Amino acid sequence: MTGPELQQINTFLSSFARRRAGRTVEVPGGFAALDDEFALSHSNNHLVIDGATDPAALPALADRALGHMDHRLIMVLDEELGEACSEPLLRAGYTRSTYLVMLHGGPVPAGGGAGEVDLEDLRVPLARRWRGYLPDAGEEVIRQLVDRREAGRRGADEVRFIGARTPEGEVASWADLYLDPATGTAQIEDLITSELHLGRGYADAVLATALRHAADARCGTRFLTADAEDWPRHWYERRGFTVIGRHLGFERH
């Protein structure tokens, strides 16, 4: 599936990965986005394929670009190319995931009652959430997964952390908002709710506030990505998001 909005989003995502990276290495059809400061974070050290490449050569290409890492992660932004890359990568021991590009088409909420927060506000609940997701991970892994959020500030012209607080002041739910007013593009990323505060409307407050911030910044293309196999995609659909494309991810440990 292609279209001007999907092309705009893919261009934004490619640019974001380049800008966020500590360094990049060019490869045929894309680049490796690397960050030695967050070497244990897979999404900060991965291969982005945003152009034409030889699917059969991709496993060896990833080995050369990511050979110093303990993992291999490849994101292919073109769905048709990703399908062509699946067979050689699966043969090479990769697992495949599909990520939905979801565009917001519903009315923009007036506001959700959340607001901007900083990384220090998020540090404790975010670390606690990551320990729940990765119970066997060491403290250094958790630290990098928390601190890498700061590196995201390099990725877009404007980056805001949006959080909804409990009456006691704790941040209960949060998300990143990446804004590029020049192209009218906004991405909502990593919407997470603390396990202590699930089911109380905090995620709705964060999403509504992020959408309002994006609209106020004149970003008419408001999107997010969601795992095709996970339940949040349906939650987003009920809030005005529709699927306009797919990215394919491949990972090997």
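No experiment lies behind these values; they were computed from the predicted model shown.

## What to know about the overall build of the chain
Link 1 in the chain: Within the chain one finds seven helices and 11 strands.
Link 2 in the chain: Relative to the globule expectation of 18 Å for 253 residues, the C-alpha radius of gyration of the chain, 18 Å, shows essentially globular dimensions.
Link 3 in the chain: Referenced to the eigenvectors of the C-alpha coordinate spread, the extents of the chain come out at roughly 55 × 40 × 30 Å.
Link 4 in the chain: Per-residue burial for the chain yields a buried fraction of 53% across its 253 residues.
Link 5 in the chain: In the chain, the proportion of contacts linking residues at least 24 apart, taken out of those at least 6 apart, comes to 67%.
Link 6 in the chain: Of the roughly 11500 Å² of accessible surface on the chain, a fraction of 50% belongs to carbon and sulfur atoms.

## Structural notes on the sheet that holds strand 6 (residues 115-117)
Link 1 in the chain: Reading across from one edge, 1-2-3-4-11-5-10-9-8-7-6 is the order of the 11 strands in this open sheet, with mixed pairing throughout. Both outer strands of the open sheet, strand 1 (23-27) and strand 6, are each paired with one neighbouring strand and no more. The mean angle between the axes of side-by-side strands here comes to 30°, regardless of whether they run parallel or antiparallel.
Link 2 in the chain: As paired elements, strand 5 (residues 95-104) and strand 10 (residues 221-227) share five bridges and run antiparallel to each other. Residue pairing in the sheet places Leu-100 in a bridge with Ala-226 of strand 10.

## Examining unusual backbone geometry
Link 1 in the chain: In this structure, Asp-190 takes a positive phi of about 55° despite not being glycine.
Link 2 in the chain: Position of Asp-190 among the secondary structure elements: in strand 9 (residues 185-193).

## A closer look at the pairing of strand 8 (residues 171-180)
If a strand is regular, its side chains alternate between the two faces of the sheet.
Link 1 in the chain: Within strand 8, 10 of the 10 residues are buried, which leaves it mostly tucked inside the rest of the structure.
Link 2 in the chain: Pairing analysis gives eight bridges linking strand 7 (residues 158-165) to strand 8, with the strands arranged antiparallel. Counterpart to Gly-163 in the pairing with strand 8 is Trp-174.
Link 3 in the chain: The turn linking strand 7 back onto strand 8 is made up of five residues, and Gly-169 within it adopts a positive phi angle of 100°.
Link 4 in the chain: The pairing of strand 8 with strand 9 spans seven bridges and is antiparallel.

## Side note on the environment of Pro-4
Link 1 in the chain: Inspection of the secondary structure puts Pro-4 in helix 1 (residues 4-20).
Link 2 in the chain: In this structure Pro-4 comes out as exposed when scored by relative accessible area, which is 69%.
Link 3 in the chain: Sequence separation between Pro-4 and Glu-87 is 83 residues, and the spatial gap between their C-alpha atoms is 28 Å.

## Section: the nonpolar core
Link 1 in the chain: Residues Leu-177, Ile-188, Leu-191, Leu-207, Tyr-236 and Phe-241 are the most contacted members of the largest nonpolar core, which totals 28 residues.
Link 2 in the chain: For this core, the element with the most residues is helix 6 (residues 202-216), which contributes eight residues.
Link 3 in the chain: Phe-12, Val-117, Val-146 and Val-159 belong to the second-largest nonpolar core, a separate cluster that totals 25 residues.

## Re the environment of Val-108
Link 1 in the chain: In this structure, Val-108 sits in the loop between strand 5 and strand 6.
Link 2 in the chain: In this structure Val-108 comes out as partly exposed when scored by relative accessible area, which is 25%.
Link 3 in the chain: Counting along the chain gives 27 residues from Val-108 to Leu-81, while the straight-line C-alpha distance between them is 34 Å.
Link 4 in the chain: Setting aside anything within four residues of it in sequence, one finds Val-108 in contact with Leu-211, Arg-212, Ala-215 and Arg-222.

## Some details on the packing of aromatic side chains
Link 1 in the chain: Applying the stated criterion across every chain, the model contains six aromatic pairs.
Link 2 in the chain: Summarising the aromatic geometry, the rings of Phe-12 and Phe-223 are spaced 5.9 Å apart at their centres and angled 85° between planes, so their arrangement reads as edge-to-face. Separated by 211 residues along the polypeptide, Phe-12 in helix 1 and Phe-223 in strand 10 bring together distant segments of the chain. Note on accessibility: Phe-12 and Phe-223 belong to one class, buried.
Link 3 in the chain: Ring centres of Trp-130 and Tyr-133 lie 5.6 Å apart, and the angle between their planes is 80°; this geometry places the pair in the edge-to-face category. Note that Trp-130 and Tyr-133 are positioned in helix 4 (residues 119-133) at a spacing of three residues, about one turn of the helix.
Link 4 in the chain: Tyr-133 gets classed as partly exposed once you look at its relative accessible area, which sits at 42%.
Link 5 in the chain: Cation over ring: Arg-18 sits above Phe-31, and NZ or CZ is 4.0 Å from the ring centre.

## Some words on the packing of helix 4 against helix 5 (residues 139-151)
Link 1 in the chain: In contact at an axis separation of 10 Å, helix 4 and helix 5 are set at 140° when each is read in the N-to-C sense. Judged by the angle between their axes, helix 4 and helix 5 are oblique. Helix 5 is crossed by helix 4, and the crossing has right-handed handedness. For the pair formed by helix 4 and helix 5, the contact residues are Leu-119, Leu-122, Arg-123, Leu-126, Ala-127, Trp-130 and Arg-131 on the first element and Glu-139, Ile-142, Leu-145, Val-146, Asp-147, Arg-148, Arg-149 and Glu-150 on the second.
Link 2 in the chain: A breakdown of the residues in the contact of helix 4 with helix 5 according to their chemical character gives eight nonpolar, no polar and seven charged.

Rules used in this analysis
- Residues numbered from 1 in each chain as written.
- Predicted model: local features only at pLDDT ≥ 70, side-chain atom pairs only at ≥ 80, totals over all residues.
- Heavy atoms only, no water.
- Helix = DSSP H or I, 4+ residues; strand = E, 2+ residues; numbered from the N terminus.
- Rg over C-alpha atoms; globule rule 2.2 N^0.38 Å.
- Buried < 20%, exposed > 50% of the residue type's maximum accessible area, 1.4 Å probe, protein only.
- Contact = heavy atoms within 4.5 Å.
- Areas by Shrake-Rupley, 256 points an atom, 1.4 Å probe, with all protein chains shown as cover.
- Pairing = 2+ DSSP bridges.
- Axes fitted to C-alpha atoms, helices over the stretch in contact; angles between N-to-C directions.
- Core = buried A, V, L, I, M, F, W, Y, C linked by side-chain atoms within 4.5 Å.
- Phe/Tyr/Trp six-rings, centres within 6.5 Å; stacked < 30°, edge-to-face > 60°.
- Lys NZ or Arg CZ within 6 Å of the ring centre and 35° of its normal.
- Parallel < 35°, antiparallel > 145°, perpendicular 65-115°, else oblique.
- Left-handed = near helix turned anticlockwise from the far one by under 90°.
- Nonpolar A, V, L, I, M, F, W, Y, C, P; charged D, E, K, R; others polar.

Remember, this is a structural readout, not a statement about activity or role.
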